[in-house]
Amino acid sequence: MDKIKYVIRHGLELSNDLNADTVLIFTESGSSYEQYKKIILENPKLVKTGLKVIVATPNSDTYFKLKNEPIIPILMNYGKNSRVSTVNQAMIVLLENGFLNIGELIVSIFGTSKVSISNNISVLEVDDYPDFVRFYNYISSLDDIKRKVILEALNIGIELSVEGREGKPVGTTFLIGEKTELLKMTTPLILNPFECHDAIIFDKKVKGTLKELSTIDGAFLIDYIGNVFGGGRYINCGGAKINLPHGLGARHYSAATITKYIDCVAITLSASGGIVRVFDNGEILAEFKPNS
Ligand SMILES: Nc1ncnc2c1ncn2[C@@H]1O[C@H](COP(=O)(O)OP(=O)(O)OP(=O)(O)O)[C@@H](O)[C@H]1O
Ligand SMILES: [Mn+2]
């Protein structure tokens, strides 16, 4: 039996022994999933009834093939990330899409030719991610479109944290709220790159533009239905009593402050460390460390 099969069978046996709720398989080409199918054909008992099988791939062809399979496929750009940050990113994607619930136990498996069992199989508990759980509870209380806009901005922040720009780390701020209020509380540092453009955050071209423009100073303004209507905006409000951990500077204080003054959500990406933070009502609601 070739090495990948051992790793996957080992992962499935572990999920069985632990009575896991979910098995999360990572595959680029889809070959690990093919191996999984062969193994369960030979040992059907390895997949307990009710076990959720999720297959994550960065390859869109593989993703479309998986869509016809009796599993949950997810397309996520994890590239050459470390296994730990890939699993972290997958947890965020799965929680965002409601594929995982609080209290669940997950066994994640990377089928790979370079067998280093050490980081090919990991056991994760959703509750080990209190930030995710807190954020998950908050985000699931929002109406559908608002939730999707915030998650999309978060995704862009997380991808930017992993990718940087021209090989360098970037920092930026996304403010999601009511247009007139956000415009009132911010001033333009540059001519508005989104002026007279119909820019919707879900549009791939807009996502690319936001990533490209993340190198400029200031914040992006997005309304609750996803229109990106401002960029390079300076948050012009201070004086609120804000308590943040040491080491955070003006980007984070301004993001926290504006969420204290008006009803909006701020998402920051720190240029020093790549941590993505979500602010609501002057506090850090969640921190995501995609590169940890
Ligand atoms: N009031 C503000 N409104 C919008 N953007 C701001 C504001 N203050 C700072 N920034 C942005 O944050 C960038 C970094 O500033 P600073 O280093 O003080 O923040 P920080 O919280 O330490 O963030 P980082 O962790 O990214 O360094 C600035 O170059 C600017 O682009
Ligand atoms: Mn700084």
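Above this text is the structure in question.
Since the model is a prediction, treat every value here as computed from it, not as a measurement.

Trainee: What is the right way to look at a nonpolar patch on the surface in this model?
Mentor: Together, I145, F202 and I225 line one region of the surface with nonpolar side chains, adding up to about 260 Å² of accessible area. A relative accessible area of 36% means that I145 is categorised as partly exposed.

Trainee: What should I look at first to understand the layout of surface pockets in this one?
Mentor: Over the atoms rolls a probe the size of a water molecule, and its path tells where empty space is left. For the largest pocket, the calculated volume is near 860 Å³. Sorting the residues of the lining of the largest pocket by element identifies α3 (60-66), β3 (72-75), α4 (83-96), α6 (144-163) and α8 (204-213) as the ones contributing at least two each. Ranked by residue count, the leading element in the lining of the largest pocket is α6, at eight residues. Grouping the constituent residues of the lining of the largest pocket by class yields 11 nonpolar, five polar and nine charged. If you count residues domain by domain, the lining of the largest pocket takes at least three from each of domain 1 (2-128) and domain 2 (143-288).

Trainee: Just to check I follow, could you spell out the packing of aromatic side chains for this structure?
Mentor: Two descriptors summarise a pair of aromatic rings, namely the distance from one centre to the other and the angle between the planes of the rings. Scanning the model with the defined rule gives seven aromatic pairs in all. With a centroid separation of 6.4 Å and 35° between ring planes, the pair formed by F135 and Y138 is classed as tilted. A residue pair is termed a helical-turn pair when its members lie 3 or 4 positions apart in one helix, as F135 and Y138 do in helix α5 (residues 130-139) at three residues. According to the relative accessible area criterion, Y138 is buried, its value standing at 16%. Through a chain of ring-to-ring contacts, three or more aromatic side chains come together here, namely F135, Y138 and F288. We note K146 situated over the ring of Y224; from NZ or CZ to the ring centre the distance is 4.3 Å.

Trainee: Looking at this structure, how should I read empty space enclosed by the protein?
Mentor: Per the stated rule, a full pass over the model turns up one cavity of 30 Å³ or more. Of the voids in this model, the largest cavity is the one considered here, and its volume is about 60 Å³. Taken together, M91, I92, L95, E96, F132, F135, Y136, I139, L151 and F288 make up the lining of the largest cavity. Broken down by secondary-structure element, the contributors of at least two residues to the lining of the largest cavity are α4 and α5. Its residues assigned to classes, the lining of the largest cavity comprises nine nonpolar, no polar and one charged.

Trainee: Is there a simple way to think about the site of ligand 1 in this case?
Mentor: Around ligand 1 sit 14 residues, and of these D217, G249, H252, S270 and A271 come closest. At 2.8 Å, a backbone N or O of G249 approaches an oxygen atom of ligand 1. Contact distances for ligand 1 include 2.7 Å between an oxygen atom and a side-chain N or O atom of H252. For ligand 1, the accessible surface in isolation is 610 Å², of which the surrounding protein chains cover 76%. Among the elements of the structure, β9 (228-235) and α9 (250-261) are those that each provide at least two residues to the shell around ligand 1.

Trainee: What am I meant to see in the pairing of strand β1 (residues 22-26) here?
Mentor: Each regular strand shows side chains that alternate between the opposite faces of the sheet. By the criterion of burial, β1 is predominantly enclosed, with five of the five residues buried. With burial as the criterion, each face of β1 is covered, one bearing T22, L24 and F26 and the other bearing V23 and I25. Here β1 runs beside strand β2 (residues 52-57); their pairing, made up of five bridges, is parallel. The partner of I25 across the bridge, within β2, is V55.

What counts and how
Residues numbered from 1 in each chain as written. Chains lettered and ligands numbered in written order. Predicted model: local features only at pLDDT ≥ 70, side-chain atom pairs only at ≥ 80, totals over all residues. Heavy atoms only, no water. Patch = residues over 30% accessible without salt bridge, like charges linked within 9 Å, V, L, I, M, F, W, Y side chains within 5 Å. Areas by Shrake-Rupley, 256 points an atom, 1.4 Å probe, with all protein chains shown as cover. Salt bridge = Lys/Arg side-chain N within 4 Å of Asp/Glu carboxyl O. Buried < 20%, exposed > 50% of the residue type's maximum accessible area, 1.4 Å probe, protein only. 1 Å grid on protein atoms, 1.4 Å probe; cavity = no way out; pocket = protein on both sides within 12 Å on 5 of 7 lines; lining within 4 Å. Points joined across faces, edges and corners; volume = space filled by probe spheres on them. Helix = DSSP H or I, 4+ residues; strand = E, 2+ residues; numbered from the N terminus. Nonpolar A, V, L, I, M, F, W, Y, C, P; charged D, E, K, R; others polar. Domains from an automatic or database assignment. Phe/Tyr/Trp six-rings, centres within 6.5 Å; stacked < 30°, edge-to-face > 60°. Lys NZ or Arg CZ within 6 Å of the ring centre and 35° of its normal. Near = heavy atom within 4 Å. Polar contact = N/O pair within 3.5 Å; in protein donor to acceptor, adjacent residues only side chain to side chain. Pairing = 2+ DSSP bridges.

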